[in-house]
Amino acid sequence: MFLEKEIFKEFEDIVGVGNIDDGVVITNVYAYNWCMEIFNYMDGKEPIPFSPIPKAVILPSSTEEVQKIVKLCNKYRIQIKIQSTGLGPWNQPSTDNCIIFDMRRMNKIIKIDEKNLYAVIEPYVSGAQLQVETMKYDLTIHMPGAGPMVSPLASATSMNGPGFTSPCTGHSARNVLAVEWVLPDGEVMKLGSYGLKNNSDWFHGDGPGPSLRGIMRGWAGTKSGLGVFTKVAVKLFPYPCSTDFNVKGNSPNYDFDIPDFMKLYVMDCGNFKKLEDVMLGVEEEEISFMCSYLSGFAVMAIFSNSIESLMDKIPIGQMKAPLVVIITARTKREFAYKQKVMDFLLNNFKIENIIGKIYTPKPIFYAEALRSNLGLHGFIATGGFQSSKGVADTAAVCLRSTKSNIPLKQEFIKKEAIANDFGEGTWMTSYESGHYFHMESPTMFDQTEESSVKGMAEYMEKSNQLDLLKHLGAPFFVEGTRMHELFGPYMSNYHIWLRKIKETFDPNNISDSGFYISPQNK
Amino acid sequence: MSETKIYLELVKIYGSKNISNDPNVLEKYSEDLSFFPKKEPKYVIWPRNRNQIQKTIKLANSLNFSIIPVSSSSGPRHHGDTIPRNNKTIILNLSKLKKIINIDRKNRVVMIEPGVSFGELIPQLYKRGLKILTPLHPRASKSVLTAALEREPITIPRYMWDSSDPLLCTEVFFGNGELFRTGAAAGPGSIKQQKKSGQAQVNPMGPTQFSPFRIIQGAQGSIGVVTWATLKLEILPSIQKVYHFQSKNIEELLDFQYELLKYRLCDELFILNNLNLACLIREDPSEILTLTNSLAKWNLIFVISGRDKLASDKIAYLEGDILDIIKEKKLKISNNKTETNEIDILNFLNQADINPWRLRLNGGYQDIFFISNYEKISELITLVEKQITKNLGIYIQPINQGTSYHCEFNIYYNPNNKEETLDVKEKFLRISIDLMNSGAFFNRPYGLWAKDVYERHEDSTQKALKKVKKIFDPNNVLNPGVLCFDD
Ligand SMILES: Cc1cc2nc3c(=O)[nH]c(=O)nc-3n(C[C@H](O)[C@H](O)[C@H](O)COP(=O)(O)OP(=O)(O)OC[C@H]3O[C@@H](n4cnc5c(N)ncnc54)[C@H](O)[C@@H]3O)c2cc1C
C-alpha cells in the first residue's frame, strides 16, 4: 500500500471500490513506458524504462469525480499525472508523490454535431472509434500521426498534433473548439461558448475576450502539467472520398477495395531544393489529402509489414528526395480535375510517379492512409523509434533542418548506437494546404541495449543543441524545466512567462511538471 | 504623480511634436460611434519606433498612468473599447508605424506594422498576386493588424482553419514593458537569424507549451501592445465566379450554405439581408432603398475561383458538383441574374471601402454581433426583427470551417436625430441582453456589453482571465476597465 489507509478510503469513496489500486503489481506496471529509458538517461538517471512508481492508479468516471480527486490531491499535496491511452514517457510521474489518473472509464462520444461540423469527446475515445462514427455523416476527423488507437482529446488538449492528413485536416491544437478542463486547484473551467451559464454549447472555444486556449497549450501541450481535460469539441472535416470501406482477410494481411477516387503518387524530386518547390507547388493547388516528404527508408517502411518485406522495396529506398502525395475526391469531376493538376505539375517539374511503374502497394495501404495508420509501420518494420527535432514553420527550414541533421545522425550510426537509415530518416508534412510545415526525425534504436539507449539520448541532446545554435526552430521535446531553461533565454525568455502561468494556476504544484515547467524553487 | 511630471517624461521620449494635449485632438478620442460614456484622455502620443513604446509602457508602470493603444489612422472608432475610463489615460496612437515589413510570396505571408491599413495593403499585395483575408468590405483606413487582433470574421470560412486566422506571429510589449515574440517568431534566434535559416514566422503556435498570441487576441489592447504581426495570405485567383441566390426563406439558404461549407466548395460565402447587400453595392441612400426593394429578403452570396492554366477546369468541376448538390437536395433556388451584377459584388469583396458601407444609409449605426450555432440563427434573427422593424441590416458569416456563425445586426439611424438616437440606444442594450439570454455567444464583449456578458458566463472564466491579466500586465496599465478587468 502506497497511500495511508484513510486517504485511500477517501479516494475510494469518490470513485467506488475497484476503481483505485495502490497495490505493488498495478503501480509497478504503470511505472513502465516506452522510451522512458531515454528520458531517464537524459535526466542523469539510470536508463531503465521505468518512472518513479505512482502512489496509486485511479479511474474516474466523470468530471465531478475528477474534480473531487483533484481537490483531495490539493488537500494532501499529492501530485497527479493523467493518461488517456497512455502511450509514451510523457504519461509518467516525475516524482514518487504522484497518483496516475487512467481515464479509460471516460470513454463517451458526447455528441457528433453534423450541422456544426464538430464532435465532443471524452479522453478515452480513440481516433478509430470517433472516425467510424463520423463516417456515418460523410465526415472525418484529424488524427495525429501516432495513429487511430490514440486519444483525439489528448492530442487536441495536451500533446502534439501533426498527422498524415494535415494538409487537409490541419493540426490538433488548431482544431479545438470548446473545452471542459479541471484546473489544478480543482476548479472546472469551460472554455468559450460552453462556459455560458444558460444555453451552453460547444461550437466556439475562444472568449469572451482573450482565448484561454492560449494558456491551455502551444505547439505542444502541457502534458498534464496544468490540470485535467475531461471533454473537448474538435472540428470535423469532409470524408475525403466514398465512405464505403470494405476490408477482408486477417491481420496484418488484409485486403481492401480501394475507393474509386483515390490515387497515390510517389515521386523522387532528386534534391531538397526541388522537393521544396514541388511540395509548395502541390500544396498551393489545395488538392492533397496527404503530402509528406519521407526519406527513402521511411517510404519503404510505410509499405512494409515486416523486416523481410522491407527488402523487396530497395528501389524505393534509393530515391533521393521522395515526396508522397495522395489525392482523393468525392466525385468523378473532382478526381479528374485533381489528376489533371498532378499531371500538369509532374510535367512542369519533370518528375515521375513511380506507383504502378516501379512499385504497386498492396490495397491495404490505402485503407491505412484513410485511417491515419501509417505511423504504425515505424514499429512493425523497424522494431521501434523515437522522434528527434520537430520544428514547425516553412518548408525551407524543415528541409534545412533535415539536411543539417544528416551528418550528426551518421556520427551515431557509425558508433552503432542507432540504426542505419543513412542519417536521412525524416518525416515532413504540409499543413492547411501548405501554409506551414513541420519535420521530425524518427530514429531507430535498441531499447534493450544500454549503449544504444545512451547513444540515442546523446544524439537527441546534440540534435537539440544544433537546433538552438543554428536557429532551426524549437524541437518537440523542449519540455521539462531543464529544457525550458536551456531554450528560454534564446526564445524571448518565454520560460519566465510559462513559469508564471504554472505558478498562478497551480499554486500547490499538484499537476506533475516533469514534462512541463516546475514552479520556482521546486 | 503629477501630470507635469508625466508630460515632461513623455517629452523626453517623444519630443513635444509627437505628443498632443490640444483639446480638439483630445475631444476626438473622448467618444466613438457607440453609446459608451464620453471621457477625454490626457494626451495622445504617436510613437515612431518600438523603443518609444517600451519606454512609455515602463513609464506608465512607474508613474501610474494608463495606456490605450489605437492603430487606425482615421475614420470612425466603434465599440467603446478605446474610450478612456479614468483620468490618467494616454492614447498610444500607433498609426505612424506604417511599414509593410515583408511580403513573402513563397510562404504566403506578410509582416506588417499596426498602422498599415487595408487601403494600403490590398493594392501592394495585388501587385504580387496575393490577397489578405479580410472582413466584409473593410474600411480603407482600418488597421489590418487590429482587425485580426480583434478576431473580426473573414469572409472565406474554408480558409479560417482556426478562429485566430489570419493572425500568425506577433511582436508584442506586455503590460510590464517586456518585449516578446509569439509563435515560431520567438526563436531560437532573432528574426534576422530565423530568416537566414529559411523561416518566415508562419507558425502561430507556441513558443513550446503555450500560445500567448491567443491571449493578446481579443484583449482589446489590455494585455500587450503589438508592434508587428505576420498574417496569412492566399494567392490571388485569376477567375472569380460569383453566385447570388435569393430567397424569402433564410432556412433554405442556410441549408444550401451548409452543403457548400461541409465540402469546402467555395471561397467567399455568407448571407446578407437585402438592406445590407444594397448598402454594400450602392452609396446613395435613395439608391440603396431602391435596390433593397428589388431584392428578395435573403441573399446567399458565394464565389468559386480558379487560377493559372487550369482555372476554368476548376470552375467547371466546382460548378458541376454544386449543381449536383442543388439537384440532389431538390433546392428550389436559382442564381440571380438581374438586380446585382458580378462586378458590384466583386468590388466589395476584393477592395477596401472608402465610404464605410455601414454609414451610407443614415450616417450612423449600431451593430450587435455575436457567435451562434447553426440551429439558433433563425430564432435569434426573429428575436431582433420583432424589436426593430425597419432599417435593420443583417449579415450571417460562417466562420472557423463552418463550426459556427458570426451574426451581425446593423441598426441604421440618423445620429443627429436625438429622438431616434435615444430610441436606438434603449433598444441596442435591451436587444443585446435578450440575445445574450437566448444563447447568443458575445465572444467579443465590447464597451457596454462587457459586464452583462461576463455575468452570464461561468465565474471560473473571469477568474482565470483576471489571473492572466495579472501575469502579463501586473500593474493594470493597459486599457484598464475593458472586458472583465477592473479599472
Ligand atoms: C509511435 C508514436 C508516434 C507518434 N506520432 C505522433 C504524431 O505523428 N503526431 C503527434 O501529434 N503525436 C504523435 N505521437 C504522440 C501522440 O500524439 C500521443 O501519444 C497521442 O496523440 C495522444 O493520445 P494518447 O491517448 O496516446 O495520449 P496519452 O499518451 O494518454 O497522453 C499524452 C499526454 O497528454 C497528457 N494527457 C492525456 N490525457 C490527458 C487529460 N485528459 N488531461 C490532461 N492531460 C492529459 C498525458 O499525461 C501525456 O502527457 C506519437 C506517439 C507515439 C508513441
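As a convention, each chain's residues are numbered from 1 in the sequence order in which they are written. Chains and ligands are labelled sequentially in the order written, the chains with letters from A and the ligands with numbers from 1. Where totals are concerned, whole chains, interfaces and linings use all residues; where local detail is concerned, this predicted model gives features only for residues with pLDDT of at least 70, and gives and counts side-chain atom pairs only at 80 or more. Side-chain calculation: all heavy atoms of the structure are included, whereas hydrogens and water are not.

### Looking at the overall build of chain B
Put simply, DSSP marks the helices as runs of H or I at least four residues long and the strands as runs of E at least two long, and each gets a number from the N terminus on. Summing up its helical and strand segments, chain B has 16 helices and 16 strands in all. The globule rule is 2.2 Å times the number of residues to the power 0.38, and the radius of gyration it is compared with is taken over C-alpha atoms. Relative to a compact globule of 487 residues, whose C-alpha radius of gyration would be 23 Å, chain B shows 23 Å and is just as compact. Counting across all 487 residues of chain B, residues that qualify as buried make up 68%. Contacts were defined at the residue level, with two residues in contact if any of their heavy atoms lie within 4.5 Å. For chain B, contacts bridging at least 24 residues in sequence account for 72% of all contacts bridging at least 6. Only protein chains enter the accessibility calculation, which uses a 1.4 Å probe; a residue is then buried when its area is under 20% of its type maximum, exposed when over 50%, and partly exposed in between.

### As for the site of the ligand
All names here are of chain A. Any residue with a heavy atom positioned within 4 Å of a molecule or strand is treated as near that molecule or strand. Around the ligand there are 32 residues in total, and Ile82, Thr85, Gly86, Trp90 and Gly161 lie nearest to it. The contact in question runs from a nitrogen atom of the ligand to an N or O atom on the side chain of Ser84, over 2.7 Å. By the criterion applied in these results, polar contacts are pairs of N or O atoms within 3.5 Å in which, for protein atoms, one can donate a hydrogen and the other can accept it, and in which residues neighboring in sequence qualify only through two side-chain atoms. One of the backbone N or O atoms of Gly145 is found 3.1 Å from an oxygen atom in the ligand. Throughout, the Shrake-Rupley method with a 1.4 Å probe supplies accessible areas, and for residues the shown protein chains are the sole cover considered. Taking 930 Å² as the accessible area of the ligand by itself, protein coverage stands at 96%.

### Quick look at the domain arrangement of chain A
Residues and elements named next belong to chain A. Segmentation into domains, and thus their bounds, comes from an automatic or database assignment. Assigned domains within chain A: domain 1 (5-105), domain 2 (109-238) and domain 3 (247-469). Each of domain 2 and domain 3 has a C-alpha centre, and the two are 27 Å apart. Contact residues are listed per partner, giving 19 residues for domain 2 and 24 residues for domain 3. Summed over both partners, the accessible area lost on bringing two parts together, with a 1.4 Å probe, is the buried area. Overall, the association of domain 2 and domain 3 removes approximately 1,800 Å² of surface from exposure, summing both partners, and the carbon and sulfur fraction of that is 59%. Looking only at domain 2, the three residues that lose the most surface to domain 3 are Phe164, Pro167 and Trp219, adding up to 40% of its buried area.

### A short note on the domain arrangement of chain B
Residue and element names in this part refer to chain B. Entries for chain B in the domain assignment read domain 1 (3-93), domain 2 (100-235) and domain 3 (239-437). Between the C-alpha centres of domain 1 and domain 3 the distance comes to 36 Å. Across the boundary between the two partners, domain 1 contributes six residues, which contact ten residues of domain 3. Taking both sides of the interface into account, the surface hidden between domain 1 and domain 3 amounts to around 630 Å²; carbon and sulfur atoms contribute 69%. Sorting the residues of domain 1 by area buried against domain 3 places Leu33, Phe35 and His79 first, and these three jointly supply 80% of that buried surface. For salt bridges, the criterion is a side-chain nitrogen of Lys or Arg within 4 Å of an Asp or Glu carboxyl oxygen. Put simply, domain 1 and domain 3 have zero salt bridges between them. Across the contact surface, domain 1 and domain 3 share three residue pairs in polar contact (both at pLDDT 80 or more). Class assignment for the residues of the side of domain 1 that touches domain 3 results in three nonpolar, three polar and no charged. Residues are sorted three ways: Asp, Glu, Lys and Arg are charged, Ala, Val, Leu, Ile, Met, Phe, Trp, Tyr, Cys and Pro are nonpolar, and all the rest, Gly among them, are polar.

### Considering the confidence of the model for chain B
Confidence of the predictor at the level of single residues is captured by pLDDT, which takes values from 0 to 100. On average, residues of chain B score 95 in pLDDT, and 99% of them reach the 70 mark or higher. The complex prediction reports pTM at 0.97, with the ipTM value standing at 0.97.

### Let's talk about the pattern of salt bridges
One pass over the full model with this rule turns up 64 salt bridges over all chains. The closest approach of N and O atoms between A:Glu276 and A:Lys273, which form a salt bridge, is 3.6 Å. Of this pair, A:Glu276 and A:Lys273 both sit in helix H9 (residues 272-284), three residues apart, roughly one helical turn. Among the salt bridges present, the one from A:Arg499 reaches A:Glu485, with a minimum N-O distance of 3.0 Å. Highlighted residues: A:Arg499 in helix H19 (residues 494-505) and A:Glu485 in helix H18 (residues 481-487), separated in sequence by 14 residues. Residue class for A:Glu485 comes out partly exposed when judged on its relative accessible area of 37%. Through salt bridges with shared partners, a single ionic network connects A:Arg174, A:Glu432, B:Asp165 and B:Lys232.

### Regarding the sheet that holds strand S13 (residues 298-306) of chain B
Residues and elements named next belong to chain B. A sheet is described by the order of its strands in space; here six strands give the open sequence S11-S13-S12-S15-S16-S14, paired in antiparallel fashion. Of all strands in the sheet, those with a lone pairing partner are strand S11 (239-247) and strand S14 (364-372), marking the two edges. Strand-to-strand twist of the sheet, defined as the mean angle between neighbouring strand axes without regard to direction, takes the value 20 degrees. Where strand S12 (residues 269-273) lies against S13, five bridges are found, and the strand directions are antiparallel. A strand pair is defined by DSSP finding two or more bridges across the two strands. Under this scheme, a helix contributes an axis fitted over its contacting stretch, all axes are lines through C-alpha atoms, and angles between N-to-C directions fall in the 0 to 180 degree range.

### Topic: H9(A)
Residue and element names in this part refer to chain A. In this model H9 runs 18 Å from its N-terminal to its C-terminal C-alpha over 13 residues, within 8% of the 18 Å that 1.5 Å per residue would give. Among the 13 residues of H9, ten are classified as buried, and the element is accordingly described as predominantly covered. Along H9, the residues that are buried comprise Phe272, Leu275, Glu276, Val278, Met279, Leu280, Gly281, Val282, Glu283 and Glu284. For H9, the N-terminal capping position is held by Asn271, with its side-chain oxygen 3.2 Å away from the main-chain nitrogen of Lys273. Positive backbone phi, approximately 55 degrees, marks Glu286, located one or two places after H9. Helix span, expected: 1.5 Å multiplied by one less than the number of residues in the helix.

### Points about the sheet that holds strand S2 (residues 43-45) of chain B
The strands that make up a sheet pair up through hydrogen bonds in the backbone, lying either parallel or antiparallel. All names here are of chain B. Reading across from one edge, S1-S2-S4-S3 is the order of the four strands in this open sheet, with mixed pairing throughout. At either margin of the open sheet sits one strand with a lone partner, and together these are strand S1 (19-20) and strand S3 (66-70). Here S1 pairs with S2 via two bridges, running antiparallel. Paired with Ile19 across the strands is Ile45, a residue of S2. Across the sheet, helix H1 (residues 3-14) is in contact with S1, S2 and strand S4 (89-93); its angle to S2 comes to roughly 15 degrees. Along the sheet, helix H3 (residues 50-63) contacts S2, S3 and S4; its crossing angle with S3, the most-contacted strand, is approximately 150 degrees.

### Topic: the nonpolar core
To qualify as a nonpolar core, a set must consist of buried Ala, Val, Leu, Ile, Met, Phe, Trp, Tyr and Cys residues joined through side-chain atoms within 4.5 Å. Judged by nonpolar contacts, the single largest core of 170 residues is most densely connected at A:Trp181, B:Phe256, B:Phe302, B:Ile368 and B:Leu435. Looking at this core element by element, the count peaks at seven residues for helix H8 (residues 250-262) of chain B. Discounting chain neighbours no more than four positions away, the residues touching B:Ile368 are B:Cys407, B:Glu408, B:Phe409, B:Ile411, B:Phe428, B:Ile431, B:Ser432, B:Leu435, B:Phe442 and B:Trp449.

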